[in-house]
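# Survey of secondary and tertiary structure
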Amino acid sequence: MTVAAILAEKGRRVVTLTPKATLGEVSRTLAANRIGALILTRADGGIAGIISERDVVRALAAEGGEALAEPASAYMSANVVTCHEEDTIDTVMERMSAGRFRHMPVVKNDRLVGVVSIGDVVKRRIARAESEAAEIRAYITSA
Ligand code: AMP
């Protein structure tokens, strides 16, 4: 299964803000959309960074509530690891696990076309394992 199949099922909506948005705005946007990370984009639509709930917690632990007035750019990850629609869910899982992050923007011709999370990937892996187990059971009982 590929990233394209995940996007076909979950949709291509991507929640973005600019790097100038404050951590307060980032927190409110994450909470309102029930998501764990958002993409920070430049005026031309390019990816400037990614910021997750983990970055917000880190900022609050280091600076206290005053951090909420700081720009997202001060706490985002600027070296964003992206994936493509043709990538398999196994490849994406490996890259998330190696990089210790749970979100990956999907790009096509340098444009943002979706986001996949570890939750999306694990859900499909479990579904595949269950359908393989059912096929094996059916094969055994019919033999
Ligand atoms: P997460 O597990 O997604 O909450 O992110 C953990 C850390 O990795 C945070 O510092 C994020 O900013 C960073 N991060 C999340 N996703 C990516 C990504 N695709 N590429 C680079 N860094 C990321």
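Look up: the structure comes first, before these words.
Report follows, based on the coordinates. Note that this is a predicted model, so its numbers are computed, not measured.

Each value, and the rule that gives it
Residues numbered from 1 in each chain as written. Predicted model: local features only at pLDDT ≥ 70, side-chain atom pairs only at ≥ 80, totals over all residues. Heavy atoms only, no water. Buried < 20%, exposed > 50% of the residue type's maximum accessible area, 1.4 Å probe, protein only. Helix = DSSP H or I, 4+ residues; strand = E, 2+ residues; numbered from the N terminus. Pairing = 2+ DSSP bridges. Axes fitted to C-alpha atoms, helices over the stretch in contact; angles between N-to-C directions. Parallel < 35°, antiparallel > 145°, perpendicular 65-115°, else oblique. Left-handed = near helix turned anticlockwise from the far one by under 90°. Contact = heavy atoms within 4.5 Å. Nonpolar A, V, L, I, M, F, W, Y, C, P; charged D, E, K, R; others polar. Core = buried A, V, L, I, M, F, W, Y, C linked by side-chain atoms within 4.5 Å. Expected span 1.5 Å × (residues − 1). Patch = residues over 30% accessible without salt bridge, like charges linked within 9 Å, V, L, I, M, F, W, Y side chains within 5 Å. Areas by Shrake-Rupley, 256 points an atom, 1.4 Å probe, with all protein chains shown as cover. Salt bridge = Lys/Arg side-chain N within 4 Å of Asp/Glu carboxyl O.

Remember that side chains alternate between the two faces of the sheet whenever the strand is regular. Across the 7 residues that make up strand E5 (residues 111-117), a large majority, 6, are buried. Of the pairings in the sheet, the one linking strand E4 (residues 103-108) to E5 comprises 6 bridges and is antiparallel in character. From the neighbouring strand, Val106 faces E5, where its bridge partner is Gly114. Hairpin connection of E4 to E5: 2 residues between the antiparallel strands, including Asn109 at a positive phi of 50°.

This part covers the packing of helix H2 (residues 23-33) against helix H3 (residues 53-63). The N-to-C vectors of H2 and H3 enclose an angle of 140°; their axes lie 11 Å apart at closest approach. When the axes of H2 and H3 are compared, the pair comes out oblique. Pair H2 / H3 crosses with left-handed handedness. Facing Leu23, Val26, Ser27 and Leu30 of H2, the residues of H3 in contact are Glu53, Val56 and Ala59. A breakdown of the residues in the contact of H2 with H3 according to their chemical character gives 5 nonpolar, 1 polar and 1 charged.

Counting residues in hydrophobic clusters, the biggest one holds 15 residues, and the most contacted among them are Leu17, Leu23, Val26, Leu38, Leu40, Ile51 and Tyr75. When residues of this core are traced back to their parent elements, those giving at least two are H2, strand E2 (37-41) and H3. Ignoring any residue separated from it by four or fewer positions in sequence, one finds Val26 in contact with Leu17, Leu38, Ile51, Val56 and Ala72. Counting 12 residues, the second largest nonpolar core, distinct from the first, contains Ile6, Ile89, Val113 and Val121.

Before going further, it helps to examine the sheet that holds strand E3 (residues 47-52). Adjacent strands of a sheet pair through backbone hydrogen bonds, lying either parallel or antiparallel. Pairing in this open sheet of 3 strands is mixed, and the strands run E1-E2-E3 from one edge to the other. Edge positions in the sheet fall to strand E1 (16-17) and E3, since each has one partner strand and no second. Most of the contacts of H2 go to E2, to which it runs at about 130°, and overall it touches E1, E2 and E3.

So, on to helix H5 (residues 118-142). The first and last C-alpha atoms of H5 sit 36 Å apart over 25 residues, in line with the 36 Å expected at 1.5 Å per residue. Within the span of H5, buried status applies to Asp120, Val121 and Arg124. Buried positions along H5 lie against helix H1 (3-10), helix H4 (89-99) and E5.

This brings us to unusual backbone geometry. Despite not being glycine, Asn109 shows a phi value in the positive range, around 50°. Backbone geometry places Asp110, a non-glycine residue, at a positive phi of 65°. Topologically, Asp110 is positioned in the loop between E4 and E5. Residue class for Asp110 comes out exposed when judged on its relative accessible area of 72%.

Our next topic: a nonpolar patch on the surface. On the surface, Ile136, Tyr139 and Ile140 cluster together into a nonpolar patch covering about 370 Å² of accessible area. Residue position: Tyr139 is located in helix H5.

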